[in-house]
Amino acid sequence: MKLRSRNKISAEFSMASITDVIFLLLTFFMLTASASQSALNVKLPNAKGQEMPAERLYITVTIDGKYFLNKKEIAKEQIEPTLKSMFISNPAPSFVIAADADALHKDVIFLMDIANRNKYRVLIATNPQIQKE
């Protein structure tokens with residue numbers, strides 16, 4: 001008596017699953033590589049708060065006193081005129097100060113003074129603080 005097995009193992013290999021994995025890895029590395037190239041090296045202080053949407057106007061202050069308006073370097077003297085021209089038609093003008101934790105106090109106060117004189121709303125960017133329980 002000859003017994004036959006009902007289940008036959010297929011020797012075919014499907015490339016669909018490996019293609020999906022490679023596509024996901026490629027996408028991940030492309031996104032992370034592009035994000036790290038455009039970021040400024042600023043160490044923000046820690047605080048509790050909410051995350052800010054990306055469409056806000058950011059002014060970054062580096063540790064060596066350089067100013068960046070949405071990641072483009074700007075001269076200190078050009079900040080106020082540039083903000084005035086950008087906020088002409090904005091009914092509620094506001095910007096975010098992303099200052100390095102070790103930046104000089106006077107550099108941040110300079111931006112806050114511009115906001116005070118022109119009645120701009122100013123927000124301070126921080127890293128979210130991790131709570132230990």
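What you are looking at is a predicted structure, and each value in this text was computed from that prediction instead of being measured.

### Focus on the side chain of Asp100
Reasoning step 1: Mapped onto the elements, Asp100 comes out in the loop between β5 (94-99) and α3 (105-118).
Reasoning step 2: In this structure the side chain of Asp100 is engaged in a polar contact, spanning 2.8 Å, whose partner is the backbone nitrogen of Asp102.

### A word on unusual backbone geometry
Reasoning step 1: You will see that Lys71, though not glycine, has its phi angle at about 70 degrees, which is positive.
Reasoning step 2: Of note, Lys71 is situated in the loop between β3 (67-69) and β4 (72-74).

### Examining the packing of helix α2 (residues 79-86) against α3
Reasoning step 1: Look at α2 against α3: their axes get within 11 Å of each other, and the N-to-C directions meet at 40 degrees. The angle between the axes of α2 and α3 places the two elements in the oblique class. Like other packed secondary-structure pairs, α2 and α3 cross with a definite hand, here right-handed. Residues Ile79, Glu80, Leu83 and Lys84 of α2 form the contact with α3, whose own contacting residues are Phe110, Leu111, Ile114, Arg117 and Asn118.

### A look at α2
Reasoning step 1: The set of residues buried in α2 consists of Ile79, Glu80 and Leu83. Buried residues along α2 cover an arc of 95 degrees about the axis, so they all sit on one side.

### Details of the packing of aromatic side chains
Reasoning step 1: Counting across every chain of the model gives four aromatic pairs.
Reasoning step 2: Ring geometry for Tyr67 and Phe110: centres 5.8 Å apart, planes at 55 degrees, overall tilted. Residue Tyr67 is found in strand β3, and its partner Phe110 is found in helix α3; the two are separated by 43 residues along the sequence.
Reasoning step 3: By relative accessible area, which is 3% here, Tyr67 ends up buried.
Reasoning step 4: Here Phe87 and Tyr120 contribute two aromatic rings whose centre-to-centre distance is 4.9 Å and whose plane-to-plane angle is 70 degrees, an arrangement assigned as edge-to-face. Here Phe87, found in the loop between α2 and β5, pairs with Tyr120, found in the loop between α3 and β6 (121-124); they are 33 residues apart in sequence, far enough to count as distant.
Reasoning step 5: Take Tyr120: its relative accessible area is 11%, and that puts it in the buried class.

What counts as what
Residues numbered from 1 in each chain as written. Predicted model: local features only at pLDDT ≥ 70, side-chain atom pairs only at ≥ 80, totals over all residues. Heavy atoms only, no water. Helix = DSSP H or I, 4+ residues; strand = E, 2+ residues; numbered from the N terminus. Polar contact = N/O pair within 3.5 Å; in protein donor to acceptor, adjacent residues only side chain to side chain. Axes fitted to C-alpha atoms, helices over the stretch in contact; angles between N-to-C directions. Parallel < 35°, antiparallel > 145°, perpendicular 65-115°, else oblique. Left-handed = near helix turned anticlockwise from the far one by under 90°. Contact = heavy atoms within 4.5 Å. Buried < 20%, exposed > 50% of the residue type's maximum accessible area, 1.4 Å probe, protein only. Arc of directions from axis to C-beta. Phe/Tyr/Trp six-rings, centres within 6.5 Å; stacked < 30°, edge-to-face > 60°.

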